[in-house]
Amino acid sequence: MFNQTAIRVRAGTRPDRGGNAVPDWSPGAVTTLTVTGLNIQPASQQETVDEQRNAAVTGYKVQSAPGTAPDVTAADRIQWGGLLYEVDGEVGTWPQLFSDTPHHIEFLMVRATG
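Residues numbered from 1 in each chain as written. Predicted model: local features only at pLDDT ≥ 70, side-chain atom pairs only at ≥ 80, totals over all residues. Heavy atoms only, no water.

Student: Describe the packing of aromatic side chains, and please don't skip the residues or the numbers.
Tutor: Here the structure, examined in full by the defined rule, presents three aromatic pairs. Look at Y60 and W80: their rings are 5.0 Å apart centre to centre, the planes differ by 70°, and that puts the pair in the edge-to-face class. Of this pair, Y60 sits in strand β5 (residues 54-64) while W80 sits in strand β6 (residues 77-80), and the two are 20 residues apart along the sequence. On the basis of relative accessible area, Y60 is assigned to the buried category, the value being 17%. Seen from their ring centres, W80 and Y85 are 6.3 Å apart, and the 50° between their planes marks the pair as tilted. Note on accessibility: W80 and Y85 belong to one class, buried. A connected cluster of aromatic rings, assembled from ring pairs, spans Y60, W80 and Y85. Lying over the aromatic face of W25, R77 brings its terminal NZ or CZ to 3.8 Å of the ring centre. (Phe/Tyr/Trp six-rings, centres within 6.5 Å; stacked < 30°, edge-to-face > 60°. Helix = DSSP H or I, 4+ residues; strand = E, 2+ residues; numbered from the N terminus. Buried < 20%, exposed > 50% of the residue type's maximum accessible area, 1.4 Å probe, protein only. Lys NZ or Arg CZ within 6 Å of the ring centre and 35° of its normal.)

This is the structure we're talking about:
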């Protein structure tokens, strides 16, 4: 059940014109981490059609294997199946029973086209 692998992509930072640190998604600035032991299942699909475009948003629920808590945050992107997704919302950490140590994490990832 936890036999899928994805790549976590995390932005580096660069200064903007005001000297503030902003995310840098350029290929040389990002860091990646291969995350194994995942269960990735379809969660949502929405299509919007109007005169100007056909837009589709596809979402997947991701759950890590019991006893794991991969380093994934809401600011990350996930590469899976040859496509790049954004983490949608916060990453939930589920604790072990009667303990504060993580049992697993869960999050949604989405990709919009159109």
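Additional details are given in the paragraphs that follow.
Student: So what's going on with the nonpolar core? Residues and values would help.
Tutor: Within the largest apolar cluster, 15 residues are counted, with the highest numbers of intra-cluster contacts made by I40, V72, I78, W80, F107 and M109. The set of elements that each furnish at least two residues to this core consists of β4 (31-49), β5, β6, β7 (83-95) and β8 (102-113). Excluding anything up to four places from it in sequence, V72 contacts R8, R10, I78, V87, V91, I105 and F107. (Core = buried A, V, L, I, M, F, W, Y, C linked by side-chain atoms within 4.5 Å. Contact = heavy atoms within 4.5 Å.)

Student: Account for the side chain of Q4, naming residues and giving values.
Tutor: Position of Q4 among the secondary structure elements: in strand β1 (residues 4-10). Polar contacts involving the side chain of Q4 include one to the main-chain amide nitrogen of I40, which spans 2.6 Å. For Q4, the residues in contact, after removing those within four places along its chain, are V35, T36, G37, L38, N39, I40 and W80. (Polar contact = N/O pair within 3.5 Å; in protein donor to acceptor, adjacent residues only side chain to side chain.)

Student: Please provide a residue-by-residue account of the pattern of salt bridges, values included.
Tutor: Across all of its chains, the model carries four salt bridges by this definition. With a shortest N-O distance of 3.3 Å, R8 and D71 are connected by a salt bridge. Remark: D71 occurs in the loop between β5 and β6 and R8 occurs in strand β1; sequence separation between them is 63 residues. A residue is classified by how much of its surface remains accessible, and D71, at 40% relative accessible area, is partly exposed. A salt bridge links D71 to R10, with the shortest nitrogen-to-oxygen separation between them at 3.1 Å. Taken together, the residues D71 in the loop between β5 and β6 and R10 in strand β1 connect sequence positions 61 residues apart. A single network of salt bridges, built from pairs that share partners, joins R8, R10, D71 and D76. (Salt bridge = Lys/Arg side-chain N within 4 Å of Asp/Glu carboxyl O.)

Student: Residue-level account of unusual backbone geometry, with values.
Tutor: Here F98, not a glycine, exhibits a phi torsion of approximately 60°, which is positive. Looking at where F98 falls in the secondary structure, it is placed in the loop between β7 and β8.

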